[in-house]
Amino acid sequence: MANGSAADPARTTASATDRAPARLRRPSVTCVVVGGGPGGMIAAYLLARAGVRVTLLEAHAAFDRNFRGDTLHPATLELLDTLGLADELLRLDHYRARYFRFHTPTARITTTDYGRLRTRFPYVALMPQDRFLDFMAAKAAELPTFTLRRQARVTGLLEDEDGVVQGVRYRGPDGEHELPARLVIGADGRFSRLRRLADMPAESFGAGADVLWFELPRRPRSDPPDADVSLYFGVGGYVGVLGRTETWQVGYTIPKGKYAQAREAGVVPIQDFIRRWVPWLADRAHLLADWSRLTLLSVDIARVERWHRSGLLLIGDAAHVISPVGGNGILMAIQDAVTVANVLARPLRQRGLVSDAELARVQENREPAIISVQRQQIRTERRSAATLRADKAFRPPLPLRLITEVPLVRWLSARSNAYGPRTPRLDESVLTSPPVGREAS
């Protein structure tokens, strides 16, 4: 239903109309998911596959954004395989990373070897996120209970007189709309608008660095064949290099809060760092010609104390901000979505609503894993901050060099990163439509 007056998204959203009693509202859909990133897309897809009427609201016209995470871990690929989607997805261009390494002036250390995992997918698939999301959106569009609305920016919550969330107000290309729903799932990222509108603040645990991302061309004939995912340490800093089919994503790390100083210094220090510490990219460093080619990723580690309130659930970075360390953010968000389907699909399909206890169960199931990942990231961030403050290059201690030569250690590292702690497995019995490409049982 179109609404003639536009809401101010920066203000509290519950007007007198918003707080109409619950009995007066007729939900347009059973569930509305806000945010078309990996967590929101997978949650919407799984619920729609379970027969739940879902509308996914994506604020932008397209999924293409600079330097979103590209990582699809083995656990994610196994989930897609269960859904009958993995083989078709992997026919799209992607880069298969088997190793994680870091390079110092004295050593090259391989910490992780995904090739040792017993899985159909012994690698991390590096695929531009918009390609993955476009694929999933096309598959979801084949489901009769799924709707995607693009350029739909949420501007407010619809609530009853008791504060129960009953849907959202959003602004689309044709004006302001209301979308009543039995459940709202917020999956709109680390700067979640829905989190602010719901007054559910996240506590930050701090981060010692931010990352400036840019791309350089890939030259298959001369570039290292096993660069995969690597960190290169130099004096007072380090860079991350991630493979793509035609380019390298490069992340130059700067101390937290030093963006203004870095911008004033310009791109020359970054070019010089690449030439010295990543010599095989030296012949392309000049292609980082000006500051416009850089994208800032503000790193944070944060978590909402309570991920839910009546009628509303936060997942992914909206509930718990994961730093880029290990590329775990996408994996954690997708595993949140799996838990959403396991816990909420049946009550949404059968009763058309979920209880506060069922919403709490999603957090109870997922929070221990998130806390474990974030604690590890906090420890890593502290060590990284020390590296940025140092006036000499990081030199790995001998015990670290020795232990990472042990195949079992590389396997354990791969297992931990590929699946995360307390890996949720999809309860296939909640799905009502057969996997794509398979016969219905």
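In this report, the structure presented in the accompanying data block is examined.

**Re the packing of helix α2 (residues 74-82) against helix α8 (residues 328-350)**
In step 1: Two elements in contact, α2 and α8, have axes separated by 10 Å at closest approach and are oriented at 35°. When the axes of α2 and α8 are compared, the crossing they make is left-handed. Only L331, I334, Q335 and V338 of α8 make contact with α2, whose side of the interface consists of A75, T76 and L79.
In step 2: Grouping the amino acids of the contact of α2 with α8 by side-chain chemistry returns 5 nonpolar, 2 polar and no charged.

**Some thoughts on the sheet that holds strand β13 (residues 202-204)**
In step 1: Strand order in this open sheet of 3 strands is β13-β19-β22, and the pairing throughout is antiparallel. Either end of the sheet is taken by a strand with one partner, and the two such strands are β13 and β22 (320-321).
In step 2: In terms of strand pairing, strand β19 (residues 302-304) meets β22 through 2 bridges, oriented antiparallel. Bridge pairing in β22 links A302 to V321.

**What about the environment of M127?**
In step 1: Within the fold, M127 resides in the loop between β8 (124-126) and α4 (129-141).
In step 2: Under the relative-accessibility criterion, M127 is labelled buried at 1%.

**What about the sheet that holds β8?**
In step 1: The 3 strands are arranged β4-β8-β5 in an open sheet whose pairing can be described as antiparallel. Because the sheet does not close on itself, it has two edges, and the strands there are β4 (71-72) and β5 (95-97).
In step 2: Where β4 lies against β8, 2 bridges are found, and the strand directions are antiparallel. Across the sheet, the residue bridging to T71 is L126, located in β8.

**Digging into the packing of aromatic side chains**
In step 1: In total, this model carries 9 aromatic pairs according to the counting rule given.
In step 2: Taking 6.3 Å as the distance between ring centres and 50° as the angle between the ring planes, the aromatic pair formed by F273 and W277 counts as tilted. A residue pair is termed a helical-turn pair when its members lie 3 or 4 positions apart in one helix, as F273 and W277 do in helix α7 (residues 268-277) at 4 residues. Here F273 matches W277 in class, with each residue buried.
In step 3: In this structure an aromatic cluster arises from ring pairing among Y95, Y232, W248 and W280.
In step 4: Above the face of the W248 ring, R218 is positioned so that its terminal group lies 4.1 Å from the ring centre.
In step 5: Positioned over the ring face of Y419 is R415, at 4.4 Å from the centre of the ring.

**Thoughts on the nonpolar core**
In a soluble, globular protein the nonpolar side chains are often hidden away together inside.
In step 1: V168 and L344 are the most contacted members of the largest nonpolar core, which has 126 residues in total.
In step 2: It is α8 that contributes the most residues to this core, 12 residues altogether.
In step 3: In this structure, F102, I109, F233 and Y238 belong to the second largest nonpolar core, which totals 5 residues.

**Points about the pattern of salt bridges**
In step 1: Tallied over the entire structure, the rule returns 23 salt bridges.
In step 2: Salt-bridge contacts for R116 lead to D113; the nearest nitrogen and oxygen are separated by 3.4 Å.
In step 3: In this structure R116 comes out as partly exposed when scored by relative accessible area, which is 42%.
In step 4: Judged by relative accessible area, which is 3%, D113 ranks as buried.
In step 5: For the salt bridge of D210 with K256, the shortest nitrogen-to-oxygen distance reads 2.7 Å.

**Details of the environment of R101**
In step 1: Within the element layout of this structure, R101 appears in strand β6 (residues 99-103).
In step 2: In this structure the C-alpha to C-alpha distance between R101 and Y232, which are 131 residues apart in sequence, comes to 8.7 Å.
In step 3: Within polar-contact distance, the side chain of R101 engages the side chain of T110 at 2.7 Å.

**Describing the environment of V29**
In step 1: Assignment of secondary structure puts V29 in strand β2 (residues 29-34).
In step 2: Setting aside its immediate chain neighbours within four residues, V29 contacts R53, T55, L179, P180, A181 and R182.

**Quick look at the pairing of β6**
In step 1: Within β6, 4 of the 5 residues are buried, which leaves the element mostly enclosed by the surrounding structure.
In step 2: Two strands pair when backbone bridges link them, and β6 and strand β7 (residues 108-113) are joined in this way by 5 bridges, in the antiparallel orientation. By the bridge assignment, F102 is partnered in β7 with I109.
In step 3: Following β6, the chain reverses through 4 residues before pairing antiparallel with β7.
In step 4: Pairing of β6 with strand β15 (residues 229-234) involves 4 bridges; the strand directions are parallel. Paired with F100 across the two strands is V229, which belongs to β15.

**Observations regarding the side chain of Q374**
In step 1: Looking at where Q374 falls in the secondary structure, it is placed in helix α9 (residues 356-389).
In step 2: From its side chain, Q374 meets the backbone oxygen of A302 in a polar contact 2.8 Å long.
In step 3: A polar contact is formed between the side chain of Q374 and the side chain of R303, at a distance of 2.4 Å.
In step 4: Discounting residues that sit within four places of it in the chain, Q374 has contacts with F205, I301, A302, R303, H320, V321 and I322.

**Re a nonpolar patch on the surface**
In step 1: Residues I403, V406, L408, W411 and L412 make up a contiguous nonpolar surface patch of roughly 430 Å² in combined accessible area.
In step 2: One can find L408 in helix α11 (residues 407-419).
In step 3: For L408, a relative accessible area of 52% corresponds to the exposed category.

**Some words on unusual backbone geometry**
In step 1: Even without glycine at this site, Q151 takes up a positive phi of about 50°.
In step 2: In this structure, Q151 sits in the loop between β9 (146-149) and β10 (153-159).
In step 3: Its identity as a non-glycine residue notwithstanding, D199 has a phi of 55°, on the positive side.
In step 4: Along the chain, D199 turns up in the loop between α5 (193-197) and β13.

Parameters at a glance
- Residues numbered from 1 in each chain as written.
- Predicted model: local features only at pLDDT ≥ 70, side-chain atom pairs only at ≥ 80, totals over all residues.
- Heavy atoms only, no water.
- Axes fitted to C-alpha atoms, helices over the stretch in contact; angles between N-to-C directions.
- Helix = DSSP H or I, 4+ residues; strand = E, 2+ residues; numbered from the N terminus.
- Left-handed = near helix turned anticlockwise from the far one by under 90°.
- Contact = heavy atoms within 4.5 Å.
- Nonpolar A, V, L, I, M, F, W, Y, C, P; charged D, E, K, R; others polar.
- Pairing = 2+ DSSP bridges.
- Buried < 20%, exposed > 50% of the residue type's maximum accessible area, 1.4 Å probe, protein only.
- Phe/Tyr/Trp six-rings, centres within 6.5 Å; stacked < 30°, edge-to-face > 60°.
- Lys NZ or Arg CZ within 6 Å of the ring centre and 35° of its normal.
- Core = buried A, V, L, I, M, F, W, Y, C linked by side-chain atoms within 4.5 Å.
- Salt bridge = Lys/Arg side-chain N within 4 Å of Asp/Glu carboxyl O.
- Polar contact = N/O pair within 3.5 Å; in protein donor to acceptor, adjacent residues only side chain to side chain.
- Patch = residues over 30% accessible without salt bridge, like charges linked within 9 Å, V, L, I, M, F, W, Y side chains within 5 Å.
- Areas by Shrake-Rupley, 256 points an atom, 1.4 Å probe, with all protein chains shown as cover.

Shape is all these values report; function is a separate question.
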